[in-house]
Amino acid sequence: MSNLPSGNRDSFSSKFGVIAAAAGSAVGLGNIWKFPYIAGVYGGAAFLFVYLAFILAIGLPVMLSELVIGRSSQRNAFGAFKVLAPGTPWRYVGILGVAAAFLILSFYGVVAGWSLQYISLSIQDGFHSKSPDEITSLFNTLIESPIRPVILQLIFMVLSAGIVIIGIKKGIEKYTKILMPLLVVILIFLCIKSVTLDGAKAGLEFLFKPDFSKLSADGILSALGHAFFTLSLGMGTLITYGSYIKKDNNLVNTVINVTVADTVIAILAGVAIFPAVFAFGIAPSEGPGLIFITLPNVFHQMPGGYIFSILFFILLSVAALTSSISILEVVVAYFKEEFNLGRKASTILATILISILGVLCSLSMGVLSPYEFFGLNIFDLMDWISANLLLPIGGMFIALFVGWYFGRKKVQAEVAQGGTMSGAFLSIFMFLVKFIAPIAIAIVMLNKIGLLTF
Ligand code: PFF
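Described in the following lines is the structure provided in the data block.

About the thresholds
- Residues numbered from 1 in each chain as written.
- Predicted model: local features only at pLDDT ≥ 70, side-chain atom pairs only at ≥ 80, totals over all residues.
- Heavy atoms only, no water.
- Core = buried A, V, L, I, M, F, W, Y, C linked by side-chain atoms within 4.5 Å.
- Buried < 20%, exposed > 50% of the residue type's maximum accessible area, 1.4 Å probe, protein only.
- Helix = DSSP H or I, 4+ residues; strand = E, 2+ residues; numbered from the N terminus.
- Contact = heavy atoms within 4.5 Å.
- Near = heavy atom within 4 Å.
- Polar contact = N/O pair within 3.5 Å; in protein donor to acceptor, adjacent residues only side chain to side chain.
- Areas by Shrake-Rupley, 256 points an atom, 1.4 Å probe, with all protein chains shown as cover.
- Nonpolar A, V, L, I, M, F, W, Y, C, P; charged D, E, K, R; others polar.
- Axes fitted to C-alpha atoms, helices over the stretch in contact; angles between N-to-C directions.
- Parallel < 35°, antiparallel > 145°, perpendicular 65-115°, else oblique.
- Expected span 1.5 Å × (residues − 1).
- Left-handed = near helix turned anticlockwise from the far one by under 90°.
- Phe/Tyr/Trp six-rings, centres within 6.5 Å; stacked < 30°, edge-to-face > 60°.
- Salt bridge = Lys/Arg side-chain N within 4 Å of Asp/Glu carboxyl O.

## Describing the nonpolar core
Soluble globular proteins tend to pack their nonpolar side chains together in the buried interior.
(1) Moving on: Counting residues in hydrophobic clusters, the biggest one holds 160 residues, and the most contacted among them are Trp33, Trp114, Leu190 and Phe312.
(2) Moving on: Sort the elements by how many residues they give to this core and helix H5 (residues 91-123) lands first, with 17 residues.
(3) Moving on: Apart from the residues lying within four places of it in its own chain, the contact partners of Phe312 are Ile32, Ile186, Leu187, Leu190, Leu295 and Phe299.

Structure follows, in structure tokens:
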């Protein structure tokens, strides 16, 4: 296999296409399902502010690093390090990313399966005249069942595999351009309804009025992990996408647009959910079911709620799909290059292996729930290891690679193609990737394992 970039690689056709694809990867269940759920568990506003600080200080520079690595190497996550740093151990960063992708997709597909189930429940008007308690037990019964969520998860995995086999470019560009703005519109309607419910104020205070004394080492680590998860960073997804970006694209603009879109959507989801959580007497720390338990109550009370709820869960599933294909692509590209398989064979192999783990994740909500590791069921364990361990460690190495190995000159040369970056801005970026990002990640991890306390 040659180490030279191949000449006729796919590339995203328009500038908007690049942003759309990267935003399609970033915006997903992480924003709408996971952000409210973990913000609820870790105390609301304090978690939100720490998470925003990580996005700015670590997320932005790591995203630019990934795009720079991808576009200059013209390779996927694993191959990129082999091209840019031949014969060095840097390529193991790519392997870490493949492992993270594998674990993430195993539980991601389960939640996407729940979302599919909620499309069907919405169509059947399944939440109609149900009390908040009944809506809660509807969710719990679904996820504990050994058959239905497994089948739905497998359907979702097959859909993702289908898109990855056909080729991702056209699919994502088209979907993201039309459907993501629609998702934003629906979220705004939900926010309006939610903040006008009786008792909504407590929810807004929970989300925006920080009490930093509530923040634990676990909370800080989760905020860090989530900054990576939500922006699709730390495992090479955006290295792979970066390799499809044309040389006339302004990378800095892309990074800013994607980060702003992703963050705004997460905050909108928070505003849609927490006022309703308090209004309906649901515990903010409810866990992975938070949105599935809260939102049906809101739809219930909204004019046009029937249609809104169908549309919302369809769009949530599509958002999940544009993210899952970017996760699957990391594993597929690895199988393709390392084992010399075709795209189709790699995709089928990756999908089967991930789905096996995914079935265990799904069953761990019900029949396998007695099996716990470090106090976590299999679903939570996959989430914890990937988001809180593998992504930050991957991100740390990506930052170190760009800061210390790749270096300022090459970053400048790559960014200068299609864009500009002032010397001062570049200096800030280099400082962040050389020092701030790696040191902050190390401190958060050491704090979590108790080796460093404040
Ligand atoms: N960013 C996606 C979300 O927020 O749903 C999840 C994700 C996609 C994580 C791609 C990691 C990744 F590489």
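Let us keep going from here.
## Some details on the site of the ligand
(1) Moving on: Taken together, 15 residues form the shell around the ligand, and within it Gly30, Tyr108, Phe229, Met235 and Thr237 come nearest.
(2) Moving on: Within the backbone of Ala26, an N or O atom sits 2.9 Å from an oxygen atom of the ligand.
(3) Moving on: Thr230 places a main-chain nitrogen or oxygen 3.2 Å from a nitrogen atom of the ligand.
(4) Moving on: In isolation the ligand exposes 340 Å². Once the protein is present, 100% of that is buried.
(5) Moving on: Secondary-structure elements contributing two or more residues to the shell around the ligand are helix H1 (15-26), helix H2 (29-41), helix H10 (217-230) and helix H14 (305-338).
(6) Moving on: The residue makeup of the shell around the ligand, split by class, is six nonpolar, nine polar and no charged.

## Considering the packing of H2 against H10
(1) Moving on: Between H2 and H10, whose axes approach to 11 Å, the crossing angle comes to 175°. With respect to H10, the element H2 is oriented roughly antiparallel. Seen from H2, the contacting residues are Gly30, Asn31, Lys34, Phe35 and Ile38; seen from H10, they are Ser222, His226, Phe229 and Thr230.
(2) Moving on: Among the residues forming the contact of H2 with H10, the class breakdown is three nonpolar, five polar and one charged.

## A short note on helix H7 (residues 148-166)
(1) Moving on: Between the first and last C-alpha of H7 there are 27 Å, a value that for 19 residues agrees with the 27 Å anticipated at 1.5 Å per step.
(2) Moving on: Regarding H7, the residues found buried are Pro149, Val150, Leu152, Gln153, Phe156, Met157, Ser160, Ala161, Ile163 and Val164.

## A short note on the packing of H5 against H14
(1) Moving on: Following both chains from N to C, one finds H5 and H14 inclined at 160°, their axes separated by 8 Å at the closest point. Regarding the angle of H5 to H14, the classification is roughly antiparallel. The handedness of the crossing between H5 and H14 comes out as left-handed.

## Quick notes on the side chain of Ser324
(1) Moving on: Position of Ser324 among the secondary structure elements: in helix H14.
(2) Moving on: Dropping the residues within four chain positions of it, Ser324 is found in contact with Leu105, Tyr108, Phe156 and Ser160.

## Considerations on the packing of aromatic side chains
(1) Moving on: Within this structure, the stated rule accounts for 38 aromatic pairs.
(2) Moving on: Seen from their ring centres, Phe206 and Phe278 are 5.5 Å apart, and the 50° between their planes marks the pair as tilted. Of this pair, Phe206 sits in helix H9 (residues 200-208) while Phe278 sits in helix H12 (residues 251-279), and the two are 72 residues apart along the sequence.
(3) Moving on: We classify Phe206 as buried; its relative accessible area is 13%.
(4) Moving on: Accessibility expressed as a relative area gives 31% for Phe278, which makes it partly exposed.
(5) Moving on: Taking 6.1 Å as the distance between ring centres and 65° as the angle between the ring planes, the aromatic pair formed by Phe299 and Phe313 counts as edge-to-face.

## With respect to the pattern of salt bridges
If the charged atoms of two oppositely charged side chains come close together, the side chains can form a pair.
(1) Moving on: Scanning all chains against the criterion turns up seven salt bridges.
(2) Moving on: Glu414 serves as the salt-bridge partner of Lys247, at 3.1 Å between the closest nitrogen and oxygen. Linking Lys247 in the loop between helix H11 (237-242) and H12 with Glu414 in helix H17 (residues 408-416), this pair joins segments that are 167 residues apart in sequence.
(3) Moving on: What makes Lys247 partly exposed here is its relative accessible area of 35%.
(4) Moving on: Glu414 gets classed as buried once you look at its relative accessible area, which sits at 5%.
(5) Moving on: Counted as one network, the salt bridges with shared partners bring together Arg71, Lys247 and Glu414.

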